[in-house]
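Per-entry structural report
Each chain, letter by letter, is given below.
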Amino acid sequence: DVKVTQSSRYLVKRTGEKVFLECVQDMDHENMFWYRQDPGLGLRLIYFSYDVKMKEKGDIPEGYSVSREKKERFSLILESASTNQTSMYLCASSLRFSYRTGNTIYFGEGSWLTVV
Amino acid sequence: SQQGEEDPQALSIQEGENATMNCSYKTSINNLQWYRQNSGRGLVHLILIRSNEREKHSGRLRVTLDTSKKSSSLLITASRAADTASYFCATDEGYSTLTFGKGTMLLVSP
């Protein structure tokens, strides 16, 4: 079974702090993703990475950066946390896209971040 | 950007009844997928249907796809309390990323 592990389940941080959310997958997937989920807004893609050291902006990249130094690890960084970044953050991974197999995404359990 | 929109937003049924959720999308797709999310947890993949398929089954799940109407439906037969969750459709346009709808919250009462 694919396992996507998010290092922290619940975090409380202060406004202005630098926040790191870590994610590790164990299935040698090429693609990794960070989503944010808010009530009434659904899932919104922040960043994704299709290879080591490669990254692409998603729908809402402002205020976030990412790092992918190793294939299995994808980090989301909030340079200066703000209260409007209080949310649930979901990491996910998938194989490289194939028309034959599609691109099923495997999610971690989520990290609940509260910025006070 | 939100491509899929699920309908209804919330659905409440009794155990043993069938639950039907619908998804509409805007642009041409390669595949459409359905995911499930238990409260406060990550999403879990349920089923994938390709654009050239019209219907697919997996256990108690039945998915249909009508590309002419840009819509899909998920039917859960003989619902159980354990089926209580949010259900999301997700579409891809031939790239690595998926675009998710806002989900349908299903409540199955014993």
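Residues numbered from 1 in each chain as written. Chains lettered and ligands numbered in written order. Predicted model: local features only at pLDDT ≥ 70, side-chain atom pairs only at ≥ 80, totals over all residues. Heavy atoms only, no water.

1. Digging into the sheet that holds strand β1 (residues 5–7) of chain B
All names here are of chain B. Which entries qualify depends on this criterion: Criterion used throughout: strands pair if DSSP finds at least two bridges between them. A run of H or I in DSSP becomes a helix once it reaches four residues, and a run of E becomes a strand once it reaches two; helices and strands are each numbered from the N terminus. For helices, the fitted line uses only the C-alpha atoms of the stretch in contact; every axis is such a line through C-alpha atoms, and the angle between N-to-C directions lies from 0 to 180 degrees.
Strand order in this open sheet of five strands is β1-β3-β8-β7-β6, and the pairing throughout is antiparallel. Among the strands making up the open sheet, the edge pair consists of β1 and β6 (55–58). The sheet shows a mean angle of 20° between the axes of neighbouring strands, direction not considered. Here β6 pairs with strand β7 (residues 61–66) via four bridges, running antiparallel. Along β7, the bridge assignment pairs H57 with R62.

2. Some thoughts on the pairing of strand β7 (residues 64–70) of chain A
All names here are of chain A. In terms of strand pairing, β7 meets strand β8 (residues 73–78) through five bridges, oriented antiparallel. The residue of β8 that forms the bridge with V66 is L76. The hairpin formed by β7 and β8 contains two residues between the paired strands.

3. A few points about the confidence of the model for chain B
Applied cut-off: What pLDDT expresses is the predictor's confidence in each residue, scored from 0 to 100.
In this model, chain B carries a mean pLDDT of 92, and residues with pLDDT of at least 70 account for 94%. Within chain B, the lowest mean pLDDT, 84, falls on β1 of chain B, and the highest, 98, falls on β7 of chain B.

4. Topic: the interface of chain A and chain B
The condition is simple: By definition, residues are in contact when any of their heavy atoms lie within 4.5 Å. A simple way to read buried area is as the amount of 1.4 Å-probe accessible surface that goes missing from two parts once joined, with both sides added. Criterion for a salt bridge: a side-chain nitrogen of Lys or Arg within 4 Å of a carboxyl oxygen of Asp or Glu. In this count, Pro and Cys sit with the nonpolar residues alongside Ala, Val, Leu, Ile, Met, Phe, Trp and Tyr, while Asp, Glu, Lys and Arg are called charged and the others, Gly among them, polar.
The partner chain B presents 24 residues to the 26 residues of chain A that form the contact. Taken together, both faces of the contact between chain A and chain B bury some 1900 Å²; the carbon and sulfur share is 49%. Between chain A and chain B we count one salt bridge in total. A salt bridge links E109 of chain A to R41 of chain B; the shortest N-O distance between them is 2.3 Å. Residue assignment for the side of chain A that touches chain B shows that the elements contributing at least two residues are β4 (31–38), β5 (42–49) and β9 (87–94) of chain A. A class-by-class count of the residues in the side of chain A that touches chain B yields 13 nonpolar, nine polar and four charged.

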